[in-house]
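# A look at the structure
This is what each chain is made of:
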Amino acid sequence: MKNDILKRLRYSLGKDAGAASVQDWRMALSLVLRDQLVDVWLDSARRAEVNASKRVYYLSMEFLIGRLIEDMISNLGLDAAARDAVEALGQDYDMIVHDEPDAALGNGGLGRLAACFMDSLATLGIPAFGYGIRYEHGLFEQSFVDGAQAESPETWLSQRHVWEFERPEVQHRIGFGGHVSRDGGRATWHPDNMVVATGYDTPVVGWQGEWGNTLRLWSAKPVNPFDLESFNRGDYLAASRSEALARTISRVLYPDDTTENGKELRLKQEYFFTAASIMDLMCRHMEEDGDIRALPEHVAIQLNDTHPAIAGPELVRLLVDDHGLAMAEAITLARRCLAYTNHTLLPEALERWPEGLFARVLPRHLEIIREIEAAQQAEFPGSPHILEHGDVCMGELAFVMAHKVNGVSALHTDLVKKTVFAELHRIHPTRIVNQTNGITPRRWLHGCNPALRDLITQQLGDTWVSDLEQLAALKAKRSDTSFIQAFQQAKRSNKVALSNWISETCGVALDPDAMFDVQIKRIHEYKRQLMNLLETVALWNEMRDDPDRDWTPRVKIFGGKAAPGYVLAKQIIHLINDVARVVNADPATKGRLRIVFPPNYNVTMAERLIPAADLSEQISTAGKEASGTGNMKFALNGALTIGTLDGANVEIRDHVGSENFFLFGLTASEVVDRRHQHGFSRAAIEASPRLQRVLGQIFEGRFSPEDPHRHHGLIGMLYDHDHFLVTCDFDSYYDTQRRADVVFQNSRNWASMALMNTASMGWFSSDRTIQGYARDIWQADAPRSALER
Ligand SMILES: CCc1ccc([C@H](C)CC(=O)N[C@@H]2O[C@H](CO)[C@@H](O)[C@H](O)[C@H]2O)cc1
């Protein structure tokens, strides 16, 4: 490999070793690795074609991939070889792999789940394509200016993205606007604005490099790139106008992760990638099979939330307008190919597009949606409407056009049946199924936690990496002193590594023997970072009130971005940084309490923080977090969870044992009841002197002397609009934190509880989740699943 790297450096990058930069070495190493995976990739594509096997198409507006170099290395089993080769060339291996920018093509949970699913589909040998958008700019870069979030454009493509292959021959014309003409019964759409979707393919090779799938991301390009006439007239802007307009469609990821923004460009992005993907898979089917009516046998399309829900009308459009099927048959055929995953119950996240906008941008699709609505109403009179109050409801459209709909945790799926789709569930009682989320153990244990990985492999061999339930064998080690010590040592070495990184990047010194208490996720009121912060201030107060008490030293670590337009979430960030500044400067609690908030939380930072965590904060208002996946990553890496009975916390607690989980707070049904009680938050504050004191301090500007009124809005909101019941869960949360303090003081006991978490997380592998989709939704076989091996 050493010579291959030198050869690539010379002939692909035109550099000799003496002149090479870290980036050059990384590119050269990556190109050598790429050579290794192309064979299995192309071979898999050929085999899928020859076997005419059913393909899965995962349509997602987001793929939160992170870095790929380490994934490629470990899936090819080249960890040692790559490190040895790079070190033999006198280079710093960690520096080289850390040089790769994150592919931050997603906001949070939904996007990261899509990335984990791609890894599991390849590891299980299920032929699949991931389809999405090749954003020029991913999720914004976050920095803090005087404690407040500032955003700047993300620039991952400012350098060559070495893992992708541009496919200039894979192009589809995507239309917008215009009108529909009719001759006889046939409709023809005449768009008045076209762009070209060009495919960029990234190979996704599974564990042990036995199968490779494709992530095809679409980039928008103009039909006519350059208007020479305008240029010759000296109107240079006009000359590149069409190019600029076209590129806008795949220019940037919308940074909202819970609020639909109703922007026309967002609708165009959704249609652009969905239409290109549907056209692409139809071409492949017609080339390979040729019988349009056989489509459902060969194609399973999964819609990652409602963002690609236009896939239903688009498929029907092609079947009717291009293939001449009758509307009714086309609708039925399309439904047999489509399935939809719901990821949120938050009303503001459910997409509804104004009919007027639809009529302007997608006139033919609006007609077809009317046909779909009419057919649904005819067959199921009184069924909830897709077209309602002048809006196109994308949730109802996705549901009606899918043969299966799933939630992402048992509690969430239950709530989907009882709330957002209650009526449709009554009409279609077998359509909704549950598929509890999962995470890939390749990135989220084998890759990010070598210390724990090696300890486990020493014990079990390494087949656990693709058969995670084997971890259960470690339960027998919970009273094995030497194993527990080795387990503790692995955690401590991760905490030391993180302490070094935090002191370098944030200039804050951490005590690796303190409890590392971590909350990393998007900033949102329902995730209740605010409650965590209020508990921290209460703890600070009592550490100062009672300095002689044997306090468990705590390090509070926060990480997460707020959607730029989400003012309240940005205020929460500002408050956390304001409190951190005061607490970290307080000699009275020095060495006992530290608060750090490293800016620009992303996948790579999660890989750094999670292995070093002792306590995982999963404290959302019950009924609001559809599943969570960070919760799974923490437990797998030997952290204990403090959490509510929400999302997948419920199933995690069932698997790890209630004795190994710090539960607190109202349940989902208690939340609903409490909300109906008038003045519930004032009553809760009234009943908690501890909370009153903290709210008073913040309100008076104790943590923002330079702007005493800064947090008035936030605190005022808790008195009268505490929609997410921070006030009601505060005391039980505080008490549970104190319980965790006591347990942590018995490090041996804590470690065996942590081991029980790691050992019990096998079921939360995304391999198990994907096998569930393959069995219950796609009817696709998984040739390489552990079961089949
Ligand atoms: C239209 C704006 C928008 C963009 C993204 C979203 C996503 C659905 C939000 C999201 O990421 N949801 C998270 O999905 C995860 C994967 O299933 C779950 O684990 C999280 O609980 C859920 O919040 C909603 C609305």
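Residues numbered from 1 in each chain as written. Predicted model: local features only at pLDDT ≥ 70, side-chain atom pairs only at ≥ 80, totals over all residues. Heavy atoms only, no water.

### A few points about the overall build of the protein
Rule in force here: Numbering goes from the N terminus for both helices and strands, where a helix is a DSSP run of H or I of at least four residues and a strand is a run of E of at least two. Only C-alpha atoms enter the radius of gyration, while the globule expectation follows 2.2 Å times N to the 0.38, with N the number of residues. We call a residue buried when its accessible area falls under 20% of the maximum for its residue type, exposed when it is over 50%, and partly exposed in between, using a 1.4 Å probe and counting protein chains only. By the convention used here, residues are in contact when the closest approach between their heavy atoms is within 4.5 Å. In short, Shrake-Rupley with a 1.4 Å probe defines the accessible areas, and a residue's cover is counted only from the protein chains shown. Only four residue types enter the charge count, namely Lys and Arg as positive and Asp and Glu as negative; His and the chain termini do not. To locate a charge, take atom NZ for lysine, CZ for arginine, CG for aspartate or CD for glutamate.
Each helix and strand counted, the protein has 33 helices and 24 strands in total. For 789 residues, the compact-globule formula gives about 28 Å, and the C-alpha radius of gyration of the protein, at 27 Å, lands near that figure. In terms of overall dimensions, the protein has C-alpha extents of about 90 × 70 × 60 Å along its principal axes. Taking all 789 residues of the protein together, the buried fraction comes to 61%. For the protein, long-range pairs separated by at least 24 residues make up 77% of all intrachain contacts whose partners lie at least 6 apart in sequence. Of the roughly 28,400 Å² of accessible surface on the protein, a fraction of 51% belongs to carbon and sulfur atoms. The protein carries 84 positive and 105 negative side-chain charges, and their two centres are separated by 1 Å.

### Brief notes about the site of the ligand
Where we set the bar: A cutoff of 4 Å decides nearness: a residue is near a molecule or strand if any of its heavy atoms lies inside that distance of it. Under the rule applied, a polar contact is a pair of N or O atoms within 3.5 Å (in protein, one hydrogen donor and one hydrogen acceptor; residues adjacent in sequence only if both atoms are side-chain atoms). Gly counts as polar in this scheme, as do all residues outside two lists: the nonpolar Ala, Val, Leu, Ile, Met, Phe, Trp, Tyr, Cys and Pro, and the charged Asp, Glu, Lys and Arg.
Taken together, 20 residues form the shell around the ligand, and within it H343, N437, E625, S627 and G628 come nearest. G628 places a polar main-chain atom, nitrogen or oxygen, 2.8 Å from an oxygen atom of the ligand. In the complex, 95% of the free accessible area of the ligand, which totals 570 Å², lies under the protein chains. Considering every element that reaches the shell around the ligand, the biggest residue donor is helix α6 (residues 109-123), with 3 residues. Residues belonging to the shell around the ligand are distributed by class as follows: 6 nonpolar, 8 polar and 6 charged.

### Thoughts on the domain arrangement of the protein
To keep it simple, the criterion reads: Domain extents, as shown, originate in an automatic or database domain assignment. Here a salt bridge means any side-chain nitrogen of Lys or Arg lying within 4 Å of a carboxyl oxygen belonging to Asp or Glu.
Considered domain by domain, the protein is made up of domain 1 (1-50 + 68-101), domain 2 (53-66 + 103-432) and domain 3 (495-764). Between domain 2 and domain 3, the C-alpha centre-to-centre distance is 36 Å. Contact residues are listed per partner, giving 32 residues for domain 2 and 30 residues for domain 3. Where domain 2 packs against domain 3, one counts 1 salt bridge. The shortest N-O distance in the salt bridge between E151 and K570 comes to 2.7 Å. Run the count over domain 2 and domain 3 and you get 12 residue pairs in polar contact (both at pLDDT 80 or more). If you list the elements that add at least two residues to the side of domain 2 that touches domain 3, you get β2 (63-66), α6, β5 (141-145), β6 (148-152) and α17 (410-418). Residues belonging to the side of domain 2 that touches domain 3 are distributed by class as follows: 14 nonpolar, 11 polar and 7 charged.

### Quick word on the nonpolar core
How we decide: Side-chain atoms within 4.5 Å are what join buried Ala, Val, Leu, Ile, Met, Phe, Trp, Tyr and Cys residues into a set we call a nonpolar core.
Grouped together as the largest cluster of nonpolar side chains are 242 residues, with contacts concentrated most on I174, F272, I301, L315, F358, L534 and W778. Here the element with the most residues in this core is helix α10 (residues 264-288); it accounts for 10 residues. Those residues in contact with F358 that sit more than four places away from it in its chain are L267, I310, W353, P363, H365, L366, I369, V392 and M394. Of all hydrophobic cores here, the second largest spans 8 residues; its members include A622, V671, F680 and A684.

### Looking at helix α15 (residues 363-379)
Short version of the rule: A helix is expected to span 1.5 Å multiplied by its residue count minus one.
For α15, which comprises 17 residues, the first-to-last C-alpha distance of 25 Å matches the rise-based estimate of 24 Å (1.5 Å per residue) to within 8%. What α15 keeps buried is the set P363, R364, H365, L366, I368, I369, I372, E373, Q376 and Q377.

### Thoughts on the sheet that holds strand β24 (residues 662-663)
The criterion, for reference: We call two strands paired when DSSP finds no fewer than two bridges between them. Every axis in this analysis is a line fitted to C-alpha atoms, fitted for helices over the stretch in contact. Angles between the N-to-C directions lie between 0 and 180 degrees.
Taken in spatial order, the 6 strands line up as β21-β20-β19-β22-β23-β24 in an open sheet, and their pairing is parallel. Where the open sheet ends on each side, the last strands, each with one partner, are β21 (593-596) and β24. Two elements, strand β19 (residues 515-520) and strand β22 (residues 615-618), share 2 bridges in a ladder whose sense is parallel. Looking at the pairing, D517 lines up with L615 of β22. The sheet strands contacting helix α32 (residues 747-759) are β19, β22, β23 (640-643) and β24, and the helix crosses β23 at an angle near 85 degrees.

### Comments concerning the packing of aromatic side chains
Worth spelling out the cut-off: The pairing test for Phe, Tyr and Trp rings, Trp by its six-membered ring, is centres within 6.5 Å, and the orientation test on the planes gives stacked under 30 degrees, edge-to-face over 60, and tilted for anything in between. By definition here, charges over rings are those cases where NZ of Lys or CZ of Arg is within 6 Å of the ring centre and within 35 degrees of the ring normal.
For the structure shown, the criterion picks out 22 aromatic pairs. Between Y57 and Y131, the ring centres sit 5.8 Å apart and the planes meet at 5 degrees, which makes this aromatic pair stacked. Taken as a pair, Y57 in strand β1 (residues 55-59) and Y131 in strand β4 (residues 128-133) lie far apart in primary sequence, 74 residues in all. In this structure, Y57 and Y131 share a single accessibility class: buried. Three or more aromatic residues link up through ring pairs in this structure, and these residues are Y57, F129, Y131 and W218. When the ring centre of F129 is taken as reference, the NZ or CZ atom of R284 above it lies at 4.0 Å. A cation over a ring is seen here: R738 above Y734, with NZ or CZ 4.6 Å from the ring centre.

### Thoughts on a nonpolar patch on the surface
Note the following rule: Patch rule: a residue counts if its relative accessible area is over 30% and it has no salt bridge; like charges are joined within 9 Å, and nonpolar side chains (Val, Leu, Ile, Met, Phe, Trp, Tyr) within 5 Å.
On the surface, F226, L228, F231 and Y236 cluster together into a nonpolar patch covering about 430 Å² of accessible area. Structurally, the position occupied by F231 is in helix α7 (residues 228-232). Judged by its relative accessible area of 37%, F231 is partly exposed.

### Regarding the packing of helix α21 (residues 481-506) against α32
Selection rule: Orientation labels follow simple angle bins: below 35 degrees gives roughly parallel, above 145 gives roughly antiparallel, 65 to 115 gives roughly perpendicular, and whatever is left gives oblique.
Close contact between α21 and α32 brings their axes to 10 Å; oriented N to C, the two are set at 85 degrees. Judged on the interaxial angle alone, α32 and α21 are roughly perpendicular. On α32, the residues touching T481, F483, I484, F487 and Q488 of α21 are S747, R748, A751, S752, A754, L755 and T758.

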